[in-house]
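Chain and residue survey
Next come the chains, spelled out residue by residue.
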Amino acid sequence: MKPGDTMVIDRAGLDRLVEVLHEAEYRVIGPQERDGAIVLDDLASGAQLPAGWSVDTEPGRYRLRRRDDAAVFAHSAGPGSWKQFLHPPHRKVWEMGPDLNEQRAEDSAQRFAFIGVRGCDLAAIAILGRVLGGGTYSDTGYTGRRAGLFVVAVNCTEPGGVCFCVSMGTGPGVSKGYDLALTETIDDAGHRFLVDIGSETGADVLAHLTTRPAETTDVTTARTAVDTAAGRMGRSMPAADLPTVLRESHESPQWQDVASRCLTCGNCTMVCPTCFCTSTEDVTDLTGDHAERWERWVSCFELDFSYQHGGSVRRSGESRYRQWLTHKLGTWHDQFGSSGCVGCGRCIAWCPAEIDITAEMAALAEGGTNDRS
Ligand code: SF4
Ligand code: SF4
């Protein structure tokens, strides 16, 4: 087996894949059903995958739904993203004792294996790589964790109501950036996964499983399911030149309109797989013998985010929402060479005010206030 080959494994083969990755000393992370959502966490075995669950999503709403089959990847993005492992919400950067030479950088040598990474989230991992791993001063914690990563991607066949990956060019199929890519099929021929091999490491791992070469019907069935999913997106981003629209919308009444609904809670930035902003805090103990530096996620919706010498630059919700959207869909292109949005829909489902980034952008592109009547 080699990169480019296409094989088939059955449901037991998927469980064996989790075992093999454990044997290779990866920390295996995958989707699981917990607390009314599909979350991402450590997988002790394939039995923990969310068999028989789908999700229904719409603005401000996310609900699990039971399926009448045992599909394990038939759900769209949940509240968590792979960002929480590659770029953790709260992490110690270094610590120091009385001897100033005793500084220790954080350990980023942990090797992750992610199972079930969709096209939108694979694109988000690539974006984080350019943001945190690029430039003159890269984040060595991120690059260390990314370097050891093994990716089992999933070609999505069950888009959710808030998904719009097709209009962002990131899904529902995956094309690169994975070691193995699975497409799940359940029909009269059984429960199986088409496996596209994307790397030598992926081929080596797959060699430990019972596989068979894919037949034409396996490939046709799987590819057709992904093509069909592309036609079932819940929504789409307007096909306009978004950076130009945003550049010309600085004084749009739409910002006041959205600010009248936005709670500035920051949920949208916390669930977004590409929002990367952090703050740094130094902590000492009472004796003065020990100090630590911690990094934690922050949101551009926080008042403190733009605090400078005595005041915040963006005091209104209007200015903070404008900052978020303009960076995400506009100036991100200038900084990092792509959009900052991959169309996962998380910010729509998890916004308590039901604010929809595609609807706000459509209103701006039309040059007027969003009519939600
Ligand atoms: S857009 Fe929604 S999720 Fe984001 S800050 Fe406003 S209310 Fe919160
Ligand atoms: S802006 Fe919203 S839809 Fe786009 S990547 Fe972030 S959470 Fe997903």
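Residues numbered from 1 in each chain as written. Chains lettered and ligands numbered in written order. Predicted model: local features only at pLDDT ≥ 70, side-chain atom pairs only at ≥ 80, totals over all residues. Heavy atoms only, no water.

**Section: the pattern of salt bridges**
- Applying the stated criterion to the full structure yields 23 salt bridges.
- Across the pair Asp5 and Lys2 runs a salt bridge whose closest N-O atoms are separated by 3.0 Å.
- Residue Lys2 is classed as partly exposed on the basis of its relative accessible area, which comes to 49%.
- Across the pair Asp69 and Arg67 runs a salt bridge, and its minimum N-O distance is 2.7 Å.
- What emerges from the salt-bridge pattern is a single network uniting Asp187, Arg192, Arg212 and Asp218. (Salt bridge = Lys/Arg side-chain N within 4 Å of Asp/Glu carboxyl O. Buried < 20%, exposed > 50% of the residue type's maximum accessible area, 1.4 Å probe, protein only.)

**Quick word on the site of ligand 1**
- In the vicinity of ligand 1, the contacting residues are Cys262, Leu263, Thr264, Cys265, Gly266, Asn267, Cys268, Phe301, Tyr321, Cys351, Pro352 and Ile355.
- Classifying every residue of the shell around ligand 1 gives nine nonpolar, three polar and no charged. (Near = heavy atom within 4 Å. Nonpolar A, V, L, I, M, F, W, Y, C, P; charged D, E, K, R; others polar.)

**Observations concerning the site of ligand 2**
- If you check the shell around ligand 2, you find 13 residues, and the closest are Cys272, Cys341, Cys344, Gly345 and Cys347.
- Elements supplying a minimum of two residues to the shell around ligand 2: helix 11 (317-336) and helix 12 (346-349).
- Class assignment of the residues belonging to the shell around ligand 2 gives a composition of nine nonpolar, two polar and two charged. (Helix = DSSP H or I, 4+ residues; strand = E, 2+ residues; numbered from the N terminus.)

**Description of the pairing of strand 5 (residues 61-66)**
- Taken together, the six bridges between strand 4 (residues 53-58) and strand 5 define a ladder with antiparallel strand orientation. The partner of Trp53 across the bridge, within strand 5, is Arg66.
- Counted along the chain from strand 4 to the antiparallel partner strand 5, the turn is two residues long, and its residue Gly60 has a positive phi close to 75 degrees. (Pairing = 2+ DSSP bridges.)

**A few points about the pairing of strand 2 (residues 27-34)**
- Two elements, strand 2 and strand 8 (residues 112-117), share three bridges in a ladder whose sense is parallel. The residue bridging Val28 from the neighbouring strand is Ala113, located in strand 8.
- As paired strands, strand 2 and strand 3 (residues 37-42) are joined by six bridges and run antiparallel to one another. What sits directly across from Ile29, in strand 3, is Asp42.
- Taking the residues that link successive antiparallel strands as the turn, the strand 2-strand 3 hairpin has two residues, and the phi of Asp35 there is positive, at about 55 degrees.

**Points about the sheet that holds strand 11 (residues 190-197)**
- Strand order in the open sheet formed by eight strands is 3-2-8-9-10-11-1-12, and the pairing between neighbours is mixed. Edge strands, defined here as strands with exactly one partner in the open sheet, are strand 3 and strand 12 (212-213).
- Here strand 8 runs beside strand 9 (residues 150-154); their pairing, made up of four bridges, is parallel. Paired with Ala113 across the strands is Phe150, a residue of strand 9.

**Re helix 11**
- At His327, helix 11 shows its largest bend, some 55 degrees.
- For helix 11, the set of buried residues is Ser319, Arg320, Tyr321, Arg322, Trp324, Leu325, His327, Lys328, Leu329, Gly330, Trp332 and Phe336.
- Directly beyond the C-terminal end of helix 11, a positive phi value near 80 degrees is found at Gly337. (Bend = angle between axes of the 7 residues up to and from the residue.)

**Considerations on helix 7 (residues 216-230)**
- For helix 7, which comprises 15 residues, the first-to-last C-alpha distance of 21 Å matches the rise-based estimate of 21 Å (1.5 Å per residue) to within 8%.
- Every buried residue of helix 7 is listed here: Asp218, Ala222, Val226 and Ala229. An end-on view of helix 7 places all buried positions within 60 degrees of arc, on one side of the element. Residues of helix 7 that are exposed and angled more than 90 degrees away from the buried face: Thr216, Thr217 and Asp227.
- Summarising the contacts, the buried residues of helix 7 are in contact with strand 1 (6-10), strand 10 (180-187), strand 11 and strand 12. (Expected span 1.5 Å × (residues − 1). Arc of directions from axis to C-beta. Contact = heavy atoms within 4.5 Å.)

**Details of the packing of helix 11 against helix 13 (residues 357-365)**
- Packing of helix 11 against helix 13 brings their axes to within 12 Å, and their N-to-C directions diverge by 90 degrees. The angle between helix 11 and helix 13 falls in the class roughly perpendicular. In contact with Tyr321, Trp324, Leu325 and Leu329 of helix 11, helix 13 contributes Ile357, Glu360, Met361 and Leu364.
- Residue composition of the contact of helix 11 with helix 13, by class: seven nonpolar, no polar and one charged. (Axes fitted to C-alpha atoms, helices over the stretch in contact; angles between N-to-C directions. Parallel < 35°, antiparallel > 145°, perpendicular 65-115°, else oblique.)

**Considerations on the domain arrangement of the protein**
- Splitting the protein by domain gives domain 1 (6-230) and domain 2 (242-365).
- On a C-alpha basis, the centroid separation for the pair domain 1 and domain 2 is 26 Å.
- Listed per partner, the contact involves 40 residues of domain 1 and 36 residues of domain 2.
- Roughly 3,400 Å² of surface becomes buried between domain 1 and domain 2 when both sides are summed, with 63% attributable to carbon and sulfur atoms.
- Counting every contact that joins domain 1 to domain 2 gives three salt bridges.
- One salt bridge in this structure joins Arg346 and Asp121, with 2.8 Å as the shortest N-O distance.
- On the surface where domain 1 and domain 2 come into contact, there are 22 residue pairs in polar contact (both at pLDDT 80 or more).
- The set of elements that each furnish at least two residues to the side of domain 1 that touches domain 2 consists of strand 4, strand 5, helix 2 (83-86), strand 6 (90-96), helix 3 (119-133) and helix 5 (165-168).
- Here the side of domain 1 that touches domain 2 gets nine residues from one element, more than from any other, and that element is helix 3. (Domains from an automatic or database assignment. Buried area = accessible area lost by both parts, 1.4 Å probe. Polar contact = N/O pair within 3.5 Å; in protein donor to acceptor, adjacent residues only side chain to side chain.)

**Thoughts on unusual backbone geometry**
- The peptide bond linking Gly171 to Pro172 adopts the cis configuration, its omega dihedral lying at 5 degrees.
- Of note, Pro172 is situated in the loop between helix 5 and strand 10.
- Residue Glu25 is not a glycine yet carries a positive backbone phi of 65 degrees.
- Within the fold, Glu25 resides in the loop between helix 1 (11-23) and strand 2.
- Unlike most non-glycine residues, Thr264 shows phi in positive territory, near 50 degrees.

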